[in-house]
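So the chains spell out like this:
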Amino acid sequence: MNSGEAASRPLPERLRPDGLDLFLGQPHLAAKIRSFMQAPRLPSLLFFGPPGCGKSTLALLLARASGRRYLRISAPEAGLQHLRRSLAGVEVLVLDELHRFSKAQQDFFLPLVESGELTLLATTTENPSFSVTRQLLSRLHVLRLRPLGRTELMELARRGAESLHITLEDPAREVLA
């Protein structure tokens, strides 16, 4: 990708790490995520936490590390017909905002996950006990993510300023954090 293409991407996408070593936050999950990355088969997972804590980033890092063909899609933009067409040849699905699917739509994933035909890496900001069907929830490992702390937010502000080629002094980063 040339510098013009990189600059046209939204800042959050430019700051999204492409390796676990650059991932910020969630130290309570680090060992588990590393073990998933090294496992011969990735389990289906549900990342639950507040917006901006790294749910989608972790799902993408795991999908890439699996070495399998993956697809990332957001539930609000995909109906089941679109999903059926898009999943041909896909082994790992990164599905943002699972809670936006109805219970009937969530049932679509049951046979795929149960048979191992598809590894589902889903994200939600809603409490899974209320927003995900019990049947699907019983087939997913739930990882609860925490909000980023001040230290992580300060580092993110530093990286953002660097990406934008601007100087951001510590007091300004403090305000942003």
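Here the structure is shown first, and the text comes after it.
Description of the structure in this document. Remember, it's a predicted structure, so these values are computed and weren't measured experimentally.

Rules and cut-offs
Residues numbered from 1 in each chain as written. Predicted model: local features only at pLDDT ≥ 70, side-chain atom pairs only at ≥ 80, totals over all residues. Heavy atoms only, no water. Helix = DSSP H or I, 4+ residues; strand = E, 2+ residues; numbered from the N terminus. Expected span 1.5 Å × (residues − 1). Buried < 20%, exposed > 50% of the residue type's maximum accessible area, 1.4 Å probe, protein only. Contact = heavy atoms within 4.5 Å.

1. Re helix 10 (residues 150-164)
Link 1 in the chain: With 15 residues, helix 10 should reach 21 Å at 1.5 Å per residue; the first-to-last C-alpha distance of 21 Å fits that figure.
Link 2 in the chain: Residues of helix 10 that are buried include every one of M154, A157, R159, G160 and A161, and no others.
Link 3 in the chain: Against helix 2 (11-15) and helix 11 (170-176) lie the buried residues of helix 10.

2. Some thoughts on unusual backbone geometry
Leaving glycine out, the prevailing phi sign among residues is negative, and the prevailing peptide bond configuration is trans.
Link 1 in the chain: Within the chain, Q26 stands out as a residue other than glycine whose phi angle is a positive 60°.
Link 2 in the chain: In this fold, Q26 is placed in the loop between helix 2 and helix 3 (30-38).
Link 3 in the chain: By relative accessible area, Q26 is classed as buried at 5%.
Link 4 in the chain: One non-glycine residue with positive phi stands out, namely H165, at about 60°.
Link 5 in the chain: Structurally, H165 is set in the loop between helix 10 and helix 11.

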